[in-house]
Amino acid sequence: VRLDAPDSPSDSSSSSSSPPSNNSSSGDDGPDGSDPPSSSSPPPESPSSPQSTSIQRAAIPDVYPQVLALPIARRPLFPGFYKAVVIRDPAVVAAVQEMMKRGQPYLGAFLLKDQTTDSDVIADINSVHQVGVFAQVTSIFSANTGTGVATGAGRDDSDRQEGLTAVLYPHRRIRITELVKAGGQQPTMVTVENVESTEGAQEPTPPPSPTEGAPLQTSFLHKHDISIVNIENLPTQPYNKDDQHIRAFMAEIVSVFKDIAQLNPLFRDQITNFSVNQVSANVFDEPDKLADFAAAVSAGDVQELQDVLESVVVVDRLKKALLVLKKELINAELQSKLARDVDSKIAKRQREYYLMEQLKNIKKELGIESDGKDKLIEKFRERAASLKMPEGVRKVFDEELSKLQGLEPAASEANVTRNYLDWLTQIPWGKHTPENYSISHAQAVLDEDHYGLKDVKDRILEFLAVGKLRGSVQGKIICLSGPPGVGKTSIGKSIARALNRQFFRFSVGGLTDVAEIKGHRRTYVGALPGKIIQALKRVGTENPLVLIDEVDKIGRGYNGDPSSALLEMLDPEQNTAFLDHYMDVPVDLSRVLFVCTANVLDTIPAPLLDRMEVIEVSGYVSEEKSQIASRYLAPQAKEASGLKDADVQLDPAAVEVLIKYYCRESGVRNLKKHIDKIYRKASLNIVKELGDEALPEALASASADSTPSASSPSSVVDTDSASTPESVSTPATEEKAEDSIPKQDEAEDTTVTTEQPRPLKVPDSVHITITPDNLKDYVGPPIYHKDRLYVRPPPPGVSTGLGYLGNGSGAVMPIEATSMPGKGGLQLTGKLGEVIRESAQIALSWTKAHAVELGITDDEAKQFLAERDVHVHMPEGAIGKEGPSAGTALLTAFVSLFTKTQVNPDIAMTGEISLVGQVLPVGGLKEKILAAHRAGIKAILAPGANRADIEENVPQSVKEGIRFVYVEDVREVLHEVFKGTRAQERWKETLPL
Ligand code: ADP
């Protein structure tokens with residue numbers, strides 16, 4: 001026996017790795033899990049303990065002819081690598097225990113050919129591979145329980161079904177030469193050959209002669225029912241380490257190791273462990289060990305592993321080891337790929353989840369509602385579901401909604417989209433109010449709201465009748481034109497009420513921005529849709545009545561023309577698909593009833609006017625005004641002032657005075673203001689006179705009482721933070737004062753309440769009548785002192801013209817002319833416009849041209865104004881005047897001046913004149929006539945061409961008491977104005993008609 005150091009399970013190999021798997025072997029289905037970890041296994045037992053001294057060290061018998069044969073299942077053992085096996089067979093257990101006791105812990109481990117079987121005893125030599133390993137049992141444990149036998153447990157456990165875990169350290173390759181004993185039966189032909197004794201670890205026994213049959217150190221095994229085999233060593237064939245083949249194989253194996261290590265961290269640990277522990281004998285330097293290592297760590301095919309074990313030629317072994325290792329690599333690659341795939345799948349979802357959670361938390365921290373967006377989207381969906389959106393709009397809606405879903409709520413884009421969706425879902429697609437075309441209902445409503453206006457109401461009823469027959473009033477635009485305050489807006493409201501439509505009003509006066517009508521593009525910050533879309537949103541129905549105020553004052557835009565945009569909106573031909581810039585989807589406006597109001601028609605763009613049904617609302621005459629005042633304005637004002645049940649009377653005579661000396665406009669707005677003022681004043685007077693006793697004010701009076709009786713408020717604050725004296729008045733104040741800083745001025749403290757104030761009843765003892773005498777107390781001194789500028793007959797040179805003021809009302813305008821020494825110049829004052837100046841020149845020229853006929857001079861050749869200047873003035877000087885219609889009046893004034901003949905101030909005139917004395921038609925007659933009516937004018941001289949206009953369009957009520965004289969030529973004017981004067985007598989010959 002030789003002592004063999006290199007193969008010893010010394011410190012170098014004691015902690016080397018065992019195969020990664022399959023470390024259970026024999027034993028009947030023993031649970032693998034109970035195997036102790038090999039790395040932590042106790043040091044090999046007695047004879048070869050690593051801690052042993054040098055004397056005892058590494059006494060592995062080199063020749064060991066007969067051993068216990070242990071069949072190993074599933075994978076072969078490789079020299080140099082620990083392996084734990086579980087032994088179940090009681091006989092084998094007993095034998096191993098005895099072996100340990102006796103210090104002969106060596107056995108042969110052979111791989112079972114049939115992988116499904118498992119046994120601790122080899123019954124048939126052919127059931128195992130002939131090549132196995134010679135292994136040392138380094139330690140044993142009880143396999144079932146932790147408490148079991150250690151090294152030398154008693155034998156009492158033999159009948160128990162208790163296994164044994166044995167840690168094996170294979171030393172070298174061996175081959176079975178003969179099965180000596182197969183379990184219970186003694187094979188007959190068993191012969192013990194080549195048995196060498198290795199009694200005593202250190203003492204080499206002399207090689208036994210085969211014939212001797214001397215008892216072996218292993219002879220004790222024979223009394224156990226185990227398998228015993230004769231073996232021979234299977235040494236590796238000598239090789240040259242520097243052989244090119246070998247080196248190449250080794251390099252390849254090392255590189256594959258690296259690859260696997262990269263993929264499989266567990267494997268990497270094993271290799272590092274192993275190589276660190278193999279410092280003394282570098283495994284990477286020894287080809288045969290490297291091959292074993294490769295095979296040992298690979299979980300390859302059993303047969304292939306066995307092949308590695310069986311090859312004794314190093315190159316062969318390396319080749320085979322490389323094969324299993326490569327397979328291992330492929331396996332590892334596949335595994336890692338699978339792992340990666342699964343990982344990435346899980347990781348992605350996981351990541352998303354975590355990020356979302358994080359986002360939620362961040363938002364919560366920032367106070368941004370995290371699921372506000374979902375709610376919003378839900379809200380939009382709900383809204384859209386209740387609407388009848390057209391197909392195209394629905395598509396846009398869906399697109400925008402999915403866009404919003406994808407956007408971060410904080411993004412500015414999201415804001416834009418959200419606003420847009422808001423608008424899109426606020427337009428009342430398909431929602432409308434049922435219309436009411438009942439004529440009687442409409443009549444009732446109109447009469448209820450407005451006095452008079454018969455023509456207007458008739459027009460509206462006609463309009464409704466058509467609507468009733470057609471089933472809709474689509475495609476109609478009503479335009480109410482007339483001076484301010486005549487009720488255009490309120491008529492519009494009444495129409496809406498009569499038709500049972502929603503009402504929306506907006507004014508386009510002075511509007512210059514097309515975007516007001518057409519909307520802004522969505523890209524602008526703060527973009528909004530146009531007015532009409534806003535109107536639809538506001539009213540919530542598709543068929544409102546939209547009142548467009550002041551269409552005549554629509555501005556001229558600087559970029560784009562608002563009136564064209566308005567036309568697009570109003571035009572029934574176009575507005576079935578009105579395209580707002582903001583909405584960007586066509587909106588059907590054809591069901592909207594448009595009503596426009598205007599003061600004058602001249603400034604309305606012609607294409608717009610063309611499409612309108614103009615209804616003129618003229619101003620009111622005095623009687624109408626007083627009716628409106630007593631029937632509508634006064635009761636409304638009375639109620640609004642809280643005097644509904646009080647005895648406050650407005651004398652009709654006072655209303656007359658009001659109309660005559662305070663409110664001369666053709667509208668009633670100013671009158672309404674005055675009446676409101678009267679009732680407000682009356683309320684104040686009542687409250688003042690009756691005092692607080694008669695109209696007790698619960699809280700206010702209480703605090704008012706307590707304050708003077710208590711000490712001064714400031715002292716209250718100073719002493720004890722307003723607790724005692726204030727508690728009398730209001731407990732609320734006290735509480736407030738206590739937990740807040742005391743205020744400097746306690747009297748300022750106000751009680752806060754949500755209680756609605758109750759109206760107070762005016763006592764029956766109150767009687768007030770407003771008469772012309774006390775009217776001044778209510779509305780101040782009259783604005784107009786007299787009906788006309790001239791109370792007494794004016795001097796020659798003054799005539800009465802009729803003007804049309806810019807605000808839509810007419811006016812009676814006196815014209816004064818005078819002459820003085822000078823150089824024949826003409827001076828004009830009174831803020832006169834260019835046209836009116838020219839009119840004056842024409843009038844003067846005509847007068848000069850006809851001076852002889854007029855009897856001003858007696859010589860054709862004489863220039864009668866050579867040394868005189870003429871000055872014309874038109875009061876009131878502050879009011880600008882323009883237009884040609886003062887021609888006749890100017891001429892009359894000149895003739896009056898030069899013939900020194902007075903003009904009857906009851907006669908007013910209007911009309912443009914031409915240089916040869918023709919009278920041309922003028923406009924604004926209705927307002928002028930109204931003004932004349934108010935001023936008490938008895939006769940009006942108007943151009944003949946205006947006759948039809950006056951007779952048809954001016955209400956009879958307005959014309960009442962006025963004599964109309966239609967004139968074609970200035971001569972007629974003069975004859976009419978100066979009728980009965982000396983001058984006129986002369987003209988019968990000199991200036992015949
Ligand atoms: P406009 O729009 O023509 O300038 P509004 O419609 O604002 O005038 O009318 C001013 C006020 O005069 C309103 O309070 C309205 O009720 C009242 N009003 C006008 N005409 C009448 C009328 N015929 N009957 C009763 N009230 C009237």
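Data block above holds the structure.
Since this is a predicted model, take the numbers as computed values, not measurements.

Novice: Please provide a residue-by-residue account of the overall build of the protein chain, values included.
Specialist: A tally of helices and strands in the protein chain yields 33 helices and 24 strands. Considering only contacts within the protein chain whose residues lie at least 6 apart along the sequence, 77% involve residues at least 24 apart. Accessible surface for the protein chain amounts to roughly 48,300 Å². Of this, 51% is attributable to carbon and sulfur atoms.

Novice: Report on the packing of aromatic side chains, specifying residues and quantitative values.
Specialist: To describe a pair of aromatic rings, you give the distance between the ring centres and the angle between the ring planes. What the rule picks out here adds up to 13 aromatic pairs. Relative to W987, the ring of F978 lies with its centre 5.6 Å away and its plane at 90 degrees, an arrangement referred to as edge-to-face. Across this residue pair, the class does not change: F978 and W987 are buried. By the ring-pair criterion, three or more aromatic residues cluster together here, those being Y64, Y106 and F134. Above the face of the F134 ring, R172 is positioned so that its terminal group lies 4.2 Å from the ring centre. A cation over an aromatic ring shows up here: K537 above the ring of W423, its NZ or CZ 4.2 Å from the ring centre.

Novice: I'd like to hear about the site of the ligand, residue by residue, with values.
Specialist: In the region of the ligand, 17 residues are neighbours, and Y451, G485, K488, T489 and R669 sit closest. One of the backbone nitrogen or oxygen atoms of S490 is found 2.9 Å away from an oxygen atom of the ligand. Contact distances for the ligand include 2.9 Å between a nitrogen atom and a side-chain N or O atom of Y620. Here the ligand has 560 Å² of accessible area as a free molecule, and 88% of this is covered by the chains. Every element with two or more residues in the shell around the ligand is listed here: α13 (488-499), α18 (622-640) and α20 (669-694). With three residues, α13 is the largest single contributor of residues to the shell around the ligand. In terms of residue class, the shell around the ligand is built from eight nonpolar, five polar and four charged.

Novice: Talk me through helix α11 (residues 439-449); I want residue IDs and the actual numbers.
Specialist: Taken residue by residue, α11 has A442, V445 and L446 as its buried positions. Buried residues along α11 cover an arc of 95 degrees about the axis, so they all sit on one side. In this structure, α11 carries S440 and E448 as exposed residues pointing more than 90 degrees from its buried face. Of the surrounding elements, those touching the buried residues of α11 are α12 (454-470) and α13.

Novice: Help me get a handle on the sheet that holds strand β7 (residues 477-481), residues and values and all.
Specialist: Taken together, five strands build an open sheet; the order of strands is β8-β9-β12-β7-β13 and the sheet is parallel. Where the open sheet ends on each side, the last strands, each with one partner, are β8 (503-507) and β13 (612-616). Direction aside, the axes of adjacent strands within the sheet are offset by 20 degrees on average. Its contacts with the sheet put α12 on β7, β12 (593-598) and β13, and the angle it makes with β13 is roughly 150 degrees.

Scoring rules and cut-offs
- What you see as residue numbers is a count from 1 along each chain, following the sequence as written.
- In keeping with the model being predicted, local features are shown solely for residues with a pLDDT of at least 70 and side-chain atom pairs are shown and tallied solely at 80 or more, while totals for entire chains, interfaces and linings include all residues.
- Side-chain numbers here rest on the full set of heavy atoms in the structure, without hydrogens or water.
- The way it works is that DSSP assigns letters per residue, a run of H or I at least four long becomes a helix, a run of E at least two long becomes a strand, and they are numbered from the N terminus.
- The contact criterion used throughout is that any non-hydrogen atoms of two residues lie within 4.5 Å.
- Residue burial considers only the protein chains on display, and all accessible areas are found by Shrake-Rupley using a 1.4 Å probe.
- Within 6.5 Å between ring centres, the rings of Phe, Tyr and Trp (the latter by its six-membered ring) count as paired, and their orientation is classed by plane angle as stacked under 30 degrees, edge-to-face over 60, tilted in between.
- When a residue's accessible area, from a 1.4 Å probe over protein chains only, is under 20% of the maximum for its type it is buried; when over 50% it is exposed; and in between it is partly exposed.
- Consider the ring centre and the ring normal. A charge sits over the ring if Lys NZ or Arg CZ is within 6 Å of that centre and within 35 degrees of that normal.
- Being near a molecule or strand, for a residue, means having at least one of its heavy atoms within 4 Å of it.
- Any N or O atom pair separated by 3.5 Å or less is treated as a polar contact, with the protein-specific requirement of one donor-capable and one acceptor-capable atom, and with residues adjacent in sequence counted only for side-chain atom pairs.
- Three residue categories are used. Nonpolar comprises Ala, Val, Leu, Ile, Met, Phe, Trp, Tyr, Cys and Pro, charged comprises Asp, Glu, Lys and Arg, and polar comprises the others, including Gly.
- Throughout, the arc means that of the directions going from the helix axis to the C-beta atoms.
- Pairing between strands requires that DSSP locate at least two bridges from one strand to the other.
- To get an axis, a line is fitted to the C-alpha atoms, and for a helix only the part in contact is used. The angle between two axes follows their N-to-C directions and goes from 0 to 180 degrees.

Remember that the coordinates give geometry; whether it matters functionally is a separate question.
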